[in-house]
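Tertiary structure, described
Here's the letter readout for the chains.
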Amino acid sequence: MKKIGLLLLLIISLFSCNKSEKRKALPKDPIVVAFGFVLNHFDVVQDTIHDGDTFGSILEKQNLGNLKVYDIVEKVKDTFDVRKMRIDKPYTILRSKGKSKKIRAFIYQPDRLSYYVIDFKEGIKVFKHIEPVTIRRRTIAGKLDGSLSETLVKKGVDGALAVSISKVYAWSIDFFKLKKGDKFAVTFTERYINDTIYDGVDSLKCSFFEYKGKLIYAFPFSQDINSSKQEYFDEEGKTLKNFFLKAPLKFVNITSRYSKNRFHPVQQIWKAHKGTDYAAPQGSPIMTTASGIVEQTGFTAGNGNFVKVKHNSTYSTQYLHMSKIIARRGQRVNQGDIIGKVGSTGLATGPHVCYRFWKNGVQVDALRLKLPNSEPMSKNNLPRFIEQMTPLKKELDRVAAIEFKKK
């Protein structure tokens, strides 16, 4: 019997040891810290603002204890205006663990760089936190392979940089005529949240693009040393900004040019086409190519919905076949302002904008016209510009030389 008893004790001891070892082997939950809280200590609810949600309707579903929504709003209003919460923005609710699930904190994130915290642990406390942002500088060079945005993405750059580049060169490069293999180099800065999370392109510093066999540089410079407003100039200090944009749309196709005799696709007859047709998806924004006063808006059977802008005593432009007119007659518009949306109203076979141009009351071909430049650089500013531009150009040329030597 003693032997049997000893054997049972040994079995029980081994079983207990195995259970103990298994308990020790179980991994612990990782500590998760966010918004200044250890989330492991709470029951966490994460959601986004939905249509019809308000701060009050969200909190009324929680266990507020003795707190009232009105008192909370009044307490936090100087720091956090709850009326500005927007649809699809994320929020987090921290609740106590257990049956009561009493609310301990409410966190709202209006953007990636900041969040508001209402802390209920000891009364009502509120604060706004802004994440630290690091700006890093980078220079790349390459050759166009597809669209500009596609080429940038292939090089590990946010395609949104293409928009900044197109704005800088909108007055000097016709992006419809860029072709595969054209060279470019760009210096730009990028944002990183907490020095680790990529947050996109910050700004364009300088660049060059090969256009019709020539390198066109762009360097930012402020002629007024007391102003932060900058314009872009080439390496000789000549402005890149012409009085008119090259086109009323971004990254679109020319489907029909100005012609004294063209076969009309709808009327099926030969007649003059005194404009340039740019095809684009229905609803694409149409920009005024220069600042001025909206002279006319309306509808005709041939032109459809249209807007005409008078820029000065010499120049006027007109935009036809709109699906929607946004500008109003007599309105002052600035270069690049959206005045309508692409459509196919009037005599049109598909969505496009017919862009017409007048000089001294006569319709002319905008693509062949030599347009006036903006204010040239003052001779007094040229030495300061050269001093600022030279190291930027050296950096572009150095990176480009390395990149193109590899291939």
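So, here is what we can say about the structure in this document. Computed from a predicted structure; not experimentally measured.

1. Let's talk about the sheet that holds strand 12 (residues 231-233)
Strand order across the open sheet formed by five strands is 8-9-10-11-12, with antiparallel pairing between neighbours. What marks the edges here is a single partner per strand, and that holds for strand 8 (133-143) and strand 12. Across the sheet, the mean angle separating the axes of adjacent strands is 30° when strand polarity is ignored. As paired strands, strand 10 (residues 197-211) and strand 11 (residues 214-221) are joined by five bridges and run antiparallel to one another. Each residue of the ladder has a partner; that of glutamate 210, found in strand 11, is leucine 215. Relative to the sheet, helix 5 (residues 161-168) contacts strand 9 (183-193), strand 10, strand 11 and strand 12, its axis offset from that of strand 10 by approximately 40°. Contacts from helix 6 (residues 382-405) reach strand 8, strand 9, strand 10, strand 11 and strand 12 within the one sheet, and its direction differs from that of strand 8 by about 60°.

2. Let's talk about a positive patch on the surface
The grouping of Lys177, Lys212, Lys246 and Arg257 at the surface amounts to a positive patch. Turning to its location among the elements, lysine 246 is positioned in the loop between strand 12 and strand 13 (253-256). Overall, lysine 246 belongs to the partly exposed group, its relative accessible area being 36%.

3. A closer look at the layout of surface pockets
Reported here for the largest pocket is a volume of approximately 840 Å³. Residue lining of the largest pocket: 34 residues in total, with Trp171, Ser172, Tyr211, Asn242 and Lys246 positioned closest to the centre. Those elements giving two or more residues to the lining of the largest pocket turn out to be strand 11 and strand 23 (352-359). If you tally residues by element for the lining of the largest pocket, the top one is strand 11, at four residues. Here the lining of the largest pocket is built from residues that sort into 16 nonpolar, five polar and 13 charged. Considering only enclosed or pocket space, the second largest pocket measures out at about 560 Å³ in volume. Residue lining of the second largest pocket: 24 residues in total, with Ser166, Lys167, Ala170, Trp171 and Leu245 positioned closest to the centre. Only helix 5 and strand 12 provide two or more residues apiece to the lining of the second largest pocket. With three residues, the single largest contributor to the lining of the second largest pocket is helix 5. The class makeup of the residues in the lining of the second largest pocket is 13 nonpolar, four polar and seven charged.

4. Thoughts on the environment of leucine 369
Inspection of the secondary structure assignment puts leucine 369 in the loop between strand 24 (362-364) and helix 6. Between the alpha carbons of leucine 369 and phenylalanine 357 there is a distance of 9.6 Å; along the sequence they are 12 residues apart. Those residues within four positions of leucine 369 in sequence are excluded, and the remaining contacts are Tyr315, Phe357, Lys359 and Val364.

5. Section: the pairing of strand 10
In terms of burial, strand 10 is largely enclosed, as 11 of its 15 residues are buried. The sheet contact formed by strand 9 and strand 10 spans nine bridges and is antiparallel. Paired with threonine 187 across the two strands is cysteine 206, which belongs to strand 10. Between strand 9 and strand 10, which follow one another and run antiparallel, lie three residues, and asparagine 194 among them has a positive phi close to 55°. Once strand 10 ends, the chain turns through two residues before running back antiparallel as strand 11, passing lysine 212 with a positive phi of about 55°.

Quick notes on the rules
Residues numbered from 1 in each chain as written. Predicted model: local features only at pLDDT ≥ 70, side-chain atom pairs only at ≥ 80, totals over all residues. Heavy atoms only, no water. Pairing = 2+ DSSP bridges. Helix = DSSP H or I, 4+ residues; strand = E, 2+ residues; numbered from the N terminus. Axes fitted to C-alpha atoms, helices over the stretch in contact; angles between N-to-C directions. Contact = heavy atoms within 4.5 Å. Patch = residues over 30% accessible without salt bridge, like charges linked within 9 Å, V, L, I, M, F, W, Y side chains within 5 Å. Areas by Shrake-Rupley, 256 points an atom, 1.4 Å probe, with all protein chains shown as cover. Salt bridge = Lys/Arg side-chain N within 4 Å of Asp/Glu carboxyl O. Lys, Arg positive; Asp, Glu negative; His and termini not counted. Charge placed at Lys NZ, Arg CZ, Asp CG, Glu CD. Buried < 20%, exposed > 50% of the residue type's maximum accessible area, 1.4 Å probe, protein only. 1 Å grid on protein atoms, 1.4 Å probe; cavity = no way out; pocket = protein on both sides within 12 Å on 5 of 7 lines; lining within 4 Å. Points joined across faces, edges and corners; volume = space filled by probe spheres on them. Nonpolar A, V, L, I, M, F, W, Y, C, P; charged D, E, K, R; others polar.

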